[in-house]
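Letter by letter, the chains look like this.
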Amino acid sequence: MAGVWRWRHNPLRRATDRFEAWLALVAFLLLMLAAPALGWLCGARTDAALTASVRAQRADRHLSTAVVVRRLAASRLVADPEISTGRMARTEVVARWHAPDGSARTAAVTTASRNAKPGTKVWVWTDREGDPAPRPMDLPTAHTHAALAGLGAAMLAALLIECGRRLTVRRMTRRRYERLDRAWAAAGPDLGRTGTGS
């Protein structure tokens, strides 16, 4: 705003100076209003989509009781992107359980149970058919992903606005120097010397 006001009554102002000041004001308003609004909109839509996905996963997957047949590997810390707690100890085992239709299933699964000896009962996630399934995403993780998506959209919008402003100013400056070079060339090499042109 100061740039717009400063050039308002200055007799040395050029049209490009006034345009550059207005461009800075518009870019500032877009950075303060449009970028956050776009970030909020993107975050809200992402949150709605992820919340629907969490509901669908919770409806499709459920915990089943399985019996450990044998252990495959030692416990190790693994990162689970579907939960907000981050890393947790998981053990790979071969387990046997019954599907909803009553058929027996045996597969390699991971469990959070620290006691994974053969014959131990553990919880495993299965889908509607009784096949092993990944853990459903929890709601805090969905909200975190949505907030990060909104923040990323706002930052990207701010970056694009500032790049657009800088690119426009650079083009205006280049044109201004081209006009100045043409004016100096038209004035000739003797400009300013005493007695020239008389």
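Cut-offs applied
Residues numbered from 1 in each chain as written. Predicted model: local features only at pLDDT ≥ 70, side-chain atom pairs only at ≥ 80, totals over all residues. Heavy atoms only, no water. Helix = DSSP H or I, 4+ residues; strand = E, 2+ residues; numbered from the N terminus. Buried < 20%, exposed > 50% of the residue type's maximum accessible area, 1.4 Å probe, protein only. Contact = heavy atoms within 4.5 Å. Areas by Shrake-Rupley, 256 points an atom, 1.4 Å probe, with all protein chains shown as cover. Core = buried A, V, L, I, M, F, W, Y, C linked by side-chain atoms within 4.5 Å. Salt bridge = Lys/Arg side-chain N within 4 Å of Asp/Glu carboxyl O. Patch = residues over 30% accessible without salt bridge, like charges linked within 9 Å, V, L, I, M, F, W, Y side chains within 5 Å. Lys, Arg positive; Asp, Glu negative; His and termini not counted. Charge placed at Lys NZ, Arg CZ, Asp CG, Glu CD. Pairing = 2+ DSSP bridges. Expected span 1.5 Å × (residues − 1).

Caption draft 1: Examining the overall build of the protein more closely. When you go through the protein residue by residue, the secondary structure sums to three helices and five strands. Tracing the protein from N to C terminus, the helices and strands come up as α-α-β-β-β-β-β-α. A total of 198 residues make up the protein; the buried ones form 27% of that total. The contacts in the protein between residues at least 6 apart in sequence include a share of 63% that link residues at least 24 apart. Carbon and sulfur atoms form 61% of the exposed surface of the protein, whose accessible area is close to 13500 Å².

Caption draft 2: Geometry of the nonpolar core. Counting nine residues, the largest nonpolar core is built from A66, V68, V93, A95, W97, V109, A116, V122 and V124. Counting only elements with at least two residues in this core, the list comes to strand 1 (62–71), strand 3 (87–98) and strand 5 (121–126). No other element matches the three residues that strand 3 contributes to this core. Apart from residues lying up to four places away in sequence, V68 is in contact with V93, V94, A95, A116, K117, P118, G119, T120 and V122.

Caption draft 3: Representation of the environment of T110. Structurally, T110 can be placed in strand 4 (residues 104–111). Judged by its relative accessible area of 37%, T110 is partly exposed. Separated by 39 residues in the primary sequence, T110 and R71 have C-alpha atoms spaced 9.9 Å apart. For T110, the contacting residues outside a window of four places in its chain are R90, T91 and E92.

Caption draft 4: Main features of the pattern of salt bridges. Across all of its chains, the model carries five salt bridges by this definition. Residue R176 is joined to E20 by a salt bridge in which the shortest nitrogen-to-oxygen separation is 3.4 Å. Residue R176 is located in helix 3 (residues 139–187), and its partner E20 is located in helix 2 (residues 15–60); the two are separated by 156 residues in the primary sequence. Take E20: its relative accessible area is 27%, and that puts it in the partly exposed class. Note that E162 and R166 form a salt bridge whose closest N and O atoms lie 2.8 Å from each other. In this pair, E162 and R166 are both assigned in helix 3, four residues apart and thus about one turn of the helix distant. Relative accessible area serves as the criterion here: at 55%, R166 is assigned to the exposed category. Salt bridges sharing partners connect three or more residues here, namely E162, R165 and R166.

Caption draft 5: Representation of a positive patch on the surface. Together, R170, R171, R174, R175, R179 and R182 make up a positively charged patch on the protein surface. You can call R179 partly exposed: its relative accessible area is 41%.

Caption draft 6: A look at a nonpolar patch on the surface. On the surface, F28, L29, M32 and L33 cluster together into a nonpolar patch covering about 420 Å² of accessible area. Along the chain, M32 falls in helix 2. By relative accessible area, M32 is classed as partly exposed at 49%.

Caption draft 7: Representation of the pairing of strand 5. Along strand 5, the buried face is formed by V122, V124 and T126; none of K121, W123 and W125, which line the opposite face, is buried. Here six bridges tie strand 1 to strand 5, and the two strands are oriented antiparallel to one another. When the bridges of strand 5 are listed, L63 appears paired with W125.

Caption draft 8: The arrangement of helix 3 in detail. Helix length check: helix 3, at 49 residues, gives a terminal C-alpha distance of 72 Å against a target of 72 Å (1.5 Å per residue), a fit within 8%. Along helix 3, the positions that sit buried rather than exposed are T141, A142, A146, G150, A153, A154, A157, I161, V169, M172 and R176. Taken together, the buried residues of helix 3 touch helix 2.

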